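Structural overview for review
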Amino acid sequence: MQSSSATQQNTFADDVLRGLSSDPKFLSSKYFYDDEGSRLFQEIMKLPEYYLTKSEFEIFSGQTKEIYEAFGASSAEFDLIELGAGDGTKTSVLVDYFLKQDIAFTYVPIDISEEALNFLTEKFRTQFPNLLIQTERGDYFRALETFKSKSDKRKIILFLGSNIGNFGKAQAQDFFVSLRAVMNDDDLLFIGFDLQKDPRTILSAYDDSQNVTAAFNMNLLTRINRELGANFILEDFSHYASYHPIDGAARSFLMSRKVQTVSIEALNKTFEFAAWEPIFMEISQKYNLKMIEDLARASGFEVAGNFYDNKNFYTNSLWKPN
Ligand code: AVI
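Worth saying up front: this structure is predicted, and the values here are computed from it rather than measured.

1. Examining the site of the ligand
- Of all residues adjacent to the ligand, which total 14 residues, the nearest are Tyr50, Asn166, Tyr206, Glu282 and Ser284.
- Here an oxygen atom of the ligand and a side-chain polar atom of Tyr50 are 2.5 Å apart.
- Here the ligand, which alone exposes 340 Å², has 98% of that area covered by the protein.
- The pocket occupied by the ligand, as judged from atoms lying within 2 Å of grid points, is the largest cavity.

2. Points about empty space enclosed by the protein
- In total, this model carries one cavity of 30 Å³ or more according to the counting rule given.
- For the largest cavity, the calculated volume is near 170 Å³.
- Around the largest cavity, the lining is made up of 16 residues, and of these Phe41, Tyr50, Asn166, Tyr206 and Glu282 lie nearest the centre.
- Counting only elements with at least two residues in the lining of the largest cavity, the list comes to α2 (35-46), α10 (212-228) and β12 (278-285).
- The class makeup of the residues in the lining of the largest cavity is eight nonpolar, seven polar and one charged.

3. Topic: the pairing of β12
- Here β12 lies mainly inside the structure; six of its eight residues are buried.
- With two bridges connecting them, strand β1 (residues 25-26) and β12 associate as parallel partners. What sits directly across from Phe26, in β12, is Phe280.

Rules used throughout
Residues numbered from 1 in each chain as written. Predicted model: local features only at pLDDT ≥ 70, side-chain atom pairs only at ≥ 80, totals over all residues. Heavy atoms only, no water. Near = heavy atom within 4 Å. Polar contact = N/O pair within 3.5 Å; in protein donor to acceptor, adjacent residues only side chain to side chain. Areas by Shrake-Rupley, 256 points an atom, 1.4 Å probe, with all protein chains shown as cover. 1 Å grid on protein atoms, 1.4 Å probe; cavity = no way out; pocket = protein on both sides within 12 Å on 5 of 7 lines; lining within 4 Å. Sits in = over half its atoms within 2 Å of the grid points. Points joined across faces, edges and corners; volume = space filled by probe spheres on them. Helix = DSSP H or I, 4+ residues; strand = E, 2+ residues; numbered from the N terminus. Nonpolar A, V, L, I, M, F, W, Y, C, P; charged D, E, K, R; others polar. Buried < 20%, exposed > 50% of the residue type's maximum accessible area, 1.4 Å probe, protein only. Pairing = 2+ DSSP bridges.

Below, the structure is given as structure tokens:
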């Protein structure tokens with residue numbers, strides 16, 4: 001039997017093979033987050049151009065009481081479930097407020113990464129010694145199912161950080177349909193959506209002046225070199241970001257600056273690149289309110305309320321099953 005890390009390696013190799021054999025070529029942004037990628041994402045969140053994290057934090061810190069009330073958090077004991085552990089900065093604002101209201105709840109971060117869960121648990125245990133924490137490791141749906149068999153309390157599920165934006169439209173709907181299937185009628189879902197706005201504001205969030213986003217994308221080539229024995233020369237690729245105001249999608253590409261051949265040992269294969277051929281790296285979908293409402297309805301939910309930052313750059317949308 002393969003160890004789980006060997007299995008993960010195969011999936012990575014399979015996905016790289018599929019992506020680089022396609023026309024147009026693509027790589028999945030879910031592989032951005034090795035140690036260096038996670039560090040670079042922390043840097044991105046601090047960039048002046050990357051407004052998303054600041055907007056969501058402003059909502060959480062400026063409207064904590066309103067969010068608490070909308071959750072109906074005082075009525076009965078509940079589980080506060082977070083999909084994707086993150087660094088907990090936004091969630092800690094809610095947790096702090098909830099603890100001060102003296103309500104009974106358990107915080108349940110779910111993540112595929114053991115390290116991310118350990119980091120967050122450590123941080124929250126120090127910050128909130130009285131908080132009940134139960135971690136679930138694994139993919140979101142399986143972990144939710146497992147957790148459901150351990151607790152029959154009402155569930156409030158957080159999916160923050162505009163992570164839904166990294167799914168295409170059909171994939172986003174499939175995701176919410178699957179989530180609805182494991183939710184009870186009185187559970188709630190609280191989602192972070194980045195909103196459509198001045199295209200220049202969006203574009204500069206993905207094309208920052210310090211080139212951190214470029215390094216974040218390039219790091220996936222470094223990861224493929226290291227883990228799959230490839231020979232990508234980073235200088236022969238350049239990062240290109242676009243925003244398309246009709247479909248509301250920001251997209252990142254790595255452009256091959258010249259005709260070149262890259263070989264990947266683990267795949268026993270070479271890949272040809274034409275001059276200025278793109279590798280599609282990531283979608284960051286931006287929403288408007290109609291898109292959010294349509295998506296909720298199509299996935300078996302209705303929008304119970306939206307919370308906005310002062311600039312209307314971002315919304316945290318509260319959905320209930322219908
Ligand atoms: C994690 N995700 C929501 C980020 C985004 O905005 O799409 C990832 C990212 N890519 C480039 N900058 C940030």
